[in-house]
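# Residue-level structure breakdown
For reference, the chains in residue letters:
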Amino acid sequence: MAGRGPIDVVMPARDEAATVAANVAAARGCRRVREVVVVDDGSRDGTGDAAREAGAKVITLAGSKGSKAHALAAGVAASDAEAFLFVDADCTGLTAAHLDGLCRPWLEGRAAMSIGFFDYGPFWNRLLPWWPPLTGERLVPRWVFEAIPPQKLAGYTIEVRINEVIAEGRLPTVARLMPGVSHRTKRDKLGRRAGAAATWAMYRSLLALVKPGDIRLRTYATYLGGLTVER
Ligand SMILES: Nc1nc2c(ncn2[C@@H]2O[C@H](COP(=O)(O)OP(=O)(O)OP(=O)(O)O)[C@@H](O)[C@H]2O)c(=O)[nH]1
Ligand SMILES: [Mg+2]
């Protein structure tokens, strides 16, 4: 759409050598994307090299705070794009066509944010778009990300903070199913025990947001008010 500026992909990655190259390739194949920026943060498995070989610009954060939120912020700060496609490096089955589909609602002026949800089969796919979205695959305009106060940048809570800006602004969101897309879970990556511990730590940090003076539950209702599900 005329008047819409460039879209860059920002892909946070820590120890994702198994999948990062395929996801960079999908991102580079997206017709709407200008550049693919991988933010590598403390990886010990060659993630940065794999991303570079696949054609990404790689930012390596030395001595960073080690958090997904800070990795995304570093990618945004390194780019002058008007909007970002955030794409996790651990997706499986992701293609350029899925990402084209996530760009369109913003390019066509139908949505401020679009989110892609994984394919969990017919039953869950009908319900999931109506749940509070935590998915990492989303198109977010620069101004939305920059509206998050720096002191609120923290780990896996970043998606909730993005949702908060969208809901408080009563902005429209489009949710799209990404057929055939899933991801490597923490259990796949870390094994059963360590994976369960890391997953629990992530959900604890998310639950801690629901407290007086922080995320208001009614922001979820406001978000739903602006939601369109595309199939
Ligand atoms: N650079 C960087 N990337 C990170 C950091 N933490 C997570 N990531 C990346 O962010 C993406 C999402 O992280 P995951 O740990 O898979 O979290 P998730 O997908 O929300 O949760 P699961 O459902 O458990 O997979 C992946 O590409 C990670 O490699 C970090 O501290 N630094
Ligand atoms: Mg993941």
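Please refer to the structure placed before this passage.
The paragraphs below set out a description of the structure included in this document. Position numbers for residues count from 1 along each chain, tracking the sequence in the order it is written. Here chains are named by letter from A upward and ligands by number from 1 upward, in the order in which they appear as written. Per-residue local features of the predicted model are confined to residues with pLDDT of at least 70, and side-chain atom pairs are confined, for both listing and counting, to 80 or more; whole-chain, interface and lining totals are unaffected and use all residues. Only hydrogens and water are removed before side-chain values are computed, so all heavy atoms of the structure are retained for them.

### With respect to the overall build of the protein
Comment: elements are numbered from the N terminus, with helices defined as DSSP H or I runs of at least four residues and strands as E runs of at least two. The secondary structure content of the protein amounts to ten helices and ten strands. For the radius of gyration, the atom set is restricted to C-alpha positions; the globular benchmark scales as 2.2 Å times the number of residues to the power 0.38. Its C-alpha atoms give the protein a radius of gyration of 17 Å, near enough to 17 Å, the size a compact globule of 231 residues would have. Each of the three principal axes of the protein carries a C-alpha extent, and together these read 45 × 45 × 40 Å. Scored against the burial criterion, the 231 residues of the protein give a buried share of 52%. For the protein, long-range pairs separated by at least 24 residues make up 75% of all intrachain contacts whose partners lie at least 6 apart in sequence. Here the accessible surface of atoms and residues is derived via Shrake-Rupley with a 1.4 Å probe, and residues count as covered only by protein chains that are part of the display. Here the protein has roughly 11,000 Å² of accessible surface; of this, 57% comes from carbon and sulfur atoms. In this tally, Lys and Arg are treated as positive and Asp and Glu as negative; His is ignored, and so are the chain termini. A charged residue contributes its charge at one atom only: NZ of Lys, CZ of Arg, CG of Asp or CD of Glu. Here the protein contributes 31 positively and 24 negatively charged side chains, and the mean placements of these two sets differ by 6 Å. A simple rule labels every residue: compare its accessible area, found with a 1.4 Å probe on the protein chains alone, to the largest value its type can have, and call it buried under 20%, exposed over 50%, or partly exposed in between. We call two residues contacting when some pair of their heavy atoms lies within 4.5 Å.

### Section: the pairing of strand 3 (residues 57-60)
Relative to strand 3, strand 2 (residues 33-40) runs parallel, the two sharing four bridges. Bridging across to strand 3, valine 37 finds its partner in lysine 57. Seen with its strands pointing away from the viewer, a crossover is right-handed if its path from the first strand over the helix to the second goes clockwise. Each parallel crossover has a hand, and the one from strand 2 via helix 2 (residues 47-53) to strand 3 is right-handed. A strand pair is defined by DSSP finding two or more bridges across the two strands.

### Side note on the side chain of asparagine 23
Along the chain, asparagine 23 turns up in helix 1 (residues 20-29). Here a polar contact is taken to be a pair of N or O atoms separated by no more than 3.5 Å, where protein atoms must pair a possible hydrogen donor with a possible acceptor and residues adjacent in sequence count only if both atoms sit in side chains. In this structure the side chain of asparagine 23 is engaged in a polar contact, spanning 3.1 Å, whose partner is the backbone oxygen of threonine 19. There is a polar contact of 3.0 Å between the side chain of asparagine 23 and the backbone oxygen of cysteine 91. Look past the residues within four positions of asparagine 23 in its chain and what remains in contact with it is Met11, Asp88, Ala89, Asp90, Cys91 and Leu94.

### A closer look at the sheet that holds strand 7 (residues 138-141)
Ordered in space as 3-2-1-4-7-6-8-10, the eight strands form an open sheet in which the pairing is mixed. In this open sheet, the two edge strands, each paired with only one partner strand, are strand 3 and strand 10 (227-230). Pairs of neighbouring strands in the sheet enclose a mean axial angle of 25°, with direction left out of account. Bridge count between strand 1 (residues 7-13) and strand 4 (residues 83-86): four bridges; the pairing is parallel. Axes here mean lines fitted to C-alpha atoms, for a helix over just the part in contact, with angles spanning 0 to 180 degrees between N-to-C directions.

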